[in-house]
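Listed here are the chains, written in short residue letters.
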Amino acid sequence: MKLQNKTRVIVGMSGGVDSSATAALLLDQGYDVVGITLKLWPQDCVSRAEDKCCGPQAVTDARAVCHKLGIPYYLIDEADEFQKHVIRYFADEYKAGRTPNPCVMCNQNLKFGRLIDRANQLGAQYIATGHFARVERSSDGARTLLRRGRDMRKDQSYFLFSLRQDQLARALFPLGDKTKADTREVARHCKLKTAEKEESMEICFVPDNDYGKFLQQAKLAEKHRGEIVDLHGKVLGYHEGVEFYTIGQRKGLGISSPNPLYVIELDPVANRVIVGDDSSLDRSEFVADRCNWIAFDQPPGSLEATVKIRYNHPGTAATLTPLDSGKVNVKLRAAQRAITPGQAAVFYQDDLVLGGGWITR
């Protein structure tokens, strides 16, 4: 269905096939489409990955796609904001013994923060991204709801749980009803150069997925010796900084043991890495704080939900009990392995995103 009045929409262009197809679909639907790439790194950054959504190749590809589609394209420097809201957070979380989720922060503060600011400047009503997720109005029209993408293998609603109502109300996700194969077909049909481009599963600003090396090269963390202890406090060896370890880690501990040992907990105050056997990783209860609710302003008392404790987690049944100060107690029906402080816990009922919060220690 073609729109009679040309509603303007800003598309966040990452240089990948998903955002390319997003722009093409919106153009076909009759929108007045403008492509924008947020330049997130200073030009001389050594740790910038060349082909990621912040590298020069991504900019070249995004510009070429917009040229092919005949739409305006802008490259906007947001390096300072990215440093403040994503990189600084990333380093601070590791130093605090937590494992960060930079994609959530980037969506919240840049893609649906700074991009909305740019939309306002350019007179655009909506912003669109290549996320596999869906938005819709609630039956009473009072709220904007977030749902999983139809392609459950590609669903990215997990990364969008922290978006506010005012952000969701201006979001379009044209790929929400599509599969990845559909998306590539759209790009092929439009003869876009990104149609066959491989996607990366790594954090966009960490080359080779080696976050410890990135933290040191960017001078965001340095080695500092501390103890590796068992669950009884017995010293088994030494580490070079809690920020270089994650819950559930087994390799690279540098200690010998008759049975495999895993990182069970990180104690940044005592500068200790606590290790134990496999069974010690199981937990059936945790608290999430700084909760953001999408389906309602506040949960109506305790409720049953499915919770995902990391992006690639299949989800498990849980009872949510609201606590004071924006926290919620999560009691899992079945214990889960390696519940990691700093990661997002996102709550669902079927394909509806209720909201989510950040796992605490």
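Just above sits the structure.
These lines cover the structure that appears in this document, whether it is placed above or below. A quick note: this is a predicted structure, and the numbers were derived from the prediction, not measured. Counting of residues starts from 1 at the beginning of each chain's written sequence and follows it residue by residue. Where local features are concerned, this predicted model is filtered to residues with pLDDT of at least 70; where side-chain atom pairs are given and counted, the filter is 80 or more; whole-chain, interface and lining totals use all residues. Side-chain descriptors were evaluated using all non-hydrogen atoms of the structure, hydrogens and water having been removed beforehand.

1. With respect to the overall build of the protein chain
Reasoning step 1: When helices and strands are tallied, the protein chain shows seven helices and 17 strands.
Reasoning step 2: Each radius of gyration is computed over the set of C-alpha atoms, and the globule rule expresses the reference value as 2.2 Å times the number of residues to the power 0.38. A compact globule built from 361 residues should have a C-alpha radius of gyration of about 21 Å, and the protein chain, at 22 Å, falls within 12% of that.
Reasoning step 3: Summarising its shape, the C-alpha atoms of the protein chain cover approximately 70 × 50 × 35 Å along the three principal directions.
Reasoning step 4: Burial status follows relative accessibility: with a 1.4 Å probe on protein chains alone, a residue under 20% of its type maximum counts as buried, one over 50% as exposed, and anything between as partly exposed. Here the protein chain, with 361 residues, has 55% of them falling under the buried criterion.
Reasoning step 5: In this description, contact between two residues means that some pair of their heavy atoms is separated by no more than 4.5 Å. Residue pairs at least 24 apart in sequence account for 64% of intrachain contacts in the protein chain once pairs closer than 6 positions are excluded.
Reasoning step 6: Two residue types count as positive, namely Lys and Arg, and two as negative, namely Asp and Glu; His and chain ends fall outside the count. By convention, the charge on Lys lies at NZ, on Arg at CZ, on Asp at CG and on Glu at CD. The centroid of the 49 positive side-chain charges in the protein chain is displaced by 3 Å from the centroid of its 45 negative side-chain charges. Under the DSSP-based scheme used, a helix requires at least four consecutive residues in state H or I and a strand at least two consecutive residues in state E, with every element numbered from the N terminus.

2. Description of the pattern of salt bridges
Reasoning step 1: When a carboxyl oxygen of Asp or Glu is within 4 Å of a side-chain nitrogen of Lys or Arg, the pair counts as a salt bridge. As enumerated under the stated definition, the model contains 26 salt bridges in all.
Reasoning step 2: The residue Arg-114 makes a salt bridge to Glu-78 at a minimum N-O spacing of 3.1 Å. Taken as a pair, Arg-114 in helix H4 (residues 102-121) and Glu-78 in the loop between strand S3 (73-77) and helix H3 (79-95) lie far apart in primary sequence, 36 residues in all.
Reasoning step 3: Taking relative accessible area as the criterion, Arg-114 reaches 27% and is therefore assigned partly exposed.
Reasoning step 4: Of the charged contacts in the structure, one is a salt bridge between Arg-153 and Asp-151, with a shortest N-O distance of 3.5 Å.

3. Quick word on H3
Reasoning step 1: With 17 residues, H3 should cover 24 Å at 1.5 Å per step; its first-to-last C-alpha distance of 22 Å lies within 8% of that length.
Reasoning step 2: One axis is fitted to the seven residues ending at the residue and one to the seven starting there. The bend at that residue is the angle between these axes. The largest bend in H3 comes to about 30°, at Arg-88.
Reasoning step 3: Residues Ala-79, Glu-81, Phe-82, Val-86, Ile-87, Tyr-89, Phe-90, Ala-91, Glu-93 and Tyr-94 constitute the buried set of H3.
Reasoning step 4: Those residues of H3 that are buried are in contact with strand S2 (32-39), S3, H4, helix H7 (211-217) and strand S17 (352-359). To estimate the expected span of a helix, count its residues, drop one, and scale the result by 1.5 Å.

4. Topic: the sheet that holds strand S10 (residues 262-267)
Reasoning step 1: Only when DSSP finds a minimum of two bridges between them are two strands counted as paired. Here we have four strands laid out as an open sheet, ordered S9-S8-S11-S10, and mixed in their pairing. Unpaired on one side and paired on the other, strand S9 (235-239) and S10 mark the two borders of the sheet. For this sheet, the mean inter-axis angle between neighbouring strands, taken without regard to orientation, is 30°.
Reasoning step 2: Sheet analysis places strand S8 (residues 226-229) next to S9, joined by four bridges and oriented antiparallel. Considered in S9, the bridge of Glu-227 is made with Tyr-238. Interaxial angle, 0 to 180 degrees, is taken between N-to-C directions of lines fitted to C-alpha atoms, where a helix line uses only the stretch in contact.

5. Some thoughts on the sheet that holds strand S7 (residues 171-172)
Reasoning step 1: Taken in spatial order, the five strands line up as S3-S2-S1-S4-S7 in an open sheet, and their pairing is parallel. Across the chains shown, the open sheet's two edge strands, defined by having one partner strand only, are S3 and S7.
Reasoning step 2: In the sheet, strand S1 (residues 8-12) pairs with S2 via five bridges, with the strands oriented parallel. Bridged to Ile-10 within S2 is Val-34.
Reasoning step 3: Of the strands in this sheet, S2 and S3 touch helix H2 (residues 56-69), which is tilted by about 150° from S3.

6. Comments concerning the environment of Arg-8
Reasoning step 1: Within the element layout of this structure, Arg-8 appears in strand S1.
Reasoning step 2: Remark: the alpha-carbon pair of Arg-8 and Ala-119, spanning 111 residues in sequence, is separated by 8.7 Å.
Reasoning step 3: Leaving out residues up to four positions away in the same chain, Arg-8 has contacts with Asp-32, Val-34, Leu-122, Gly-123, Ala-124, Gln-125 and Tyr-126.
Reasoning step 4: Polar contact is the term for a pair of N or O atoms within 3.5 Å; when the atoms are in protein, one must be able to donate a hydrogen and the other to accept it, and sequence-neighboring residues count only if both atoms are side-chain atoms. At a separation of 2.9 Å, a polar atom in the side chain of Arg-8 contacts the side chain of Asp-32.

7. A few points about unusual backbone geometry
Reasoning step 1: Phi angles above zero are rare outside glycine, and Lys-191 is one such case at about 55°.
Reasoning step 2: You can see Lys-191 is positioned in the loop between helix H6 (180-189) and H7.
Reasoning step 3: By relative accessible area, which is 62% here, Lys-191 ends up exposed.
Reasoning step 4: In this structure, Asn-271 takes a positive phi of about 55° despite not being glycine.
Reasoning step 5: Positionally, Asn-271 belongs in the loop between S10 and strand S11 (272-276).
Reasoning step 6: For Asn-271, a relative accessible area of 16% gives the class buried.

8. Digging into H2
Reasoning step 1: Along its 14 residues, H2 runs 20 Å from first to last C-alpha, staying within 8% of the 20 Å computed at 1.5 Å per residue.
Reasoning step 2: Along H2, the residues that are buried comprise Ala-58, Val-59, Asp-61, Ala-62, Val-65, Cys-66 and Leu-69. Angularly, the buried residues of H2 cover 165° about the axis, an arc narrow enough to put them on a single face.
Reasoning step 3: Summarising the contacts, the buried residues of H2 are in contact with helix H1 (17-28), S2 and S3. When we speak of the arc, we mean the arc of directions from the helix axis to the C-beta atoms.

Function-wise, these values are silent; they only describe arrangement.
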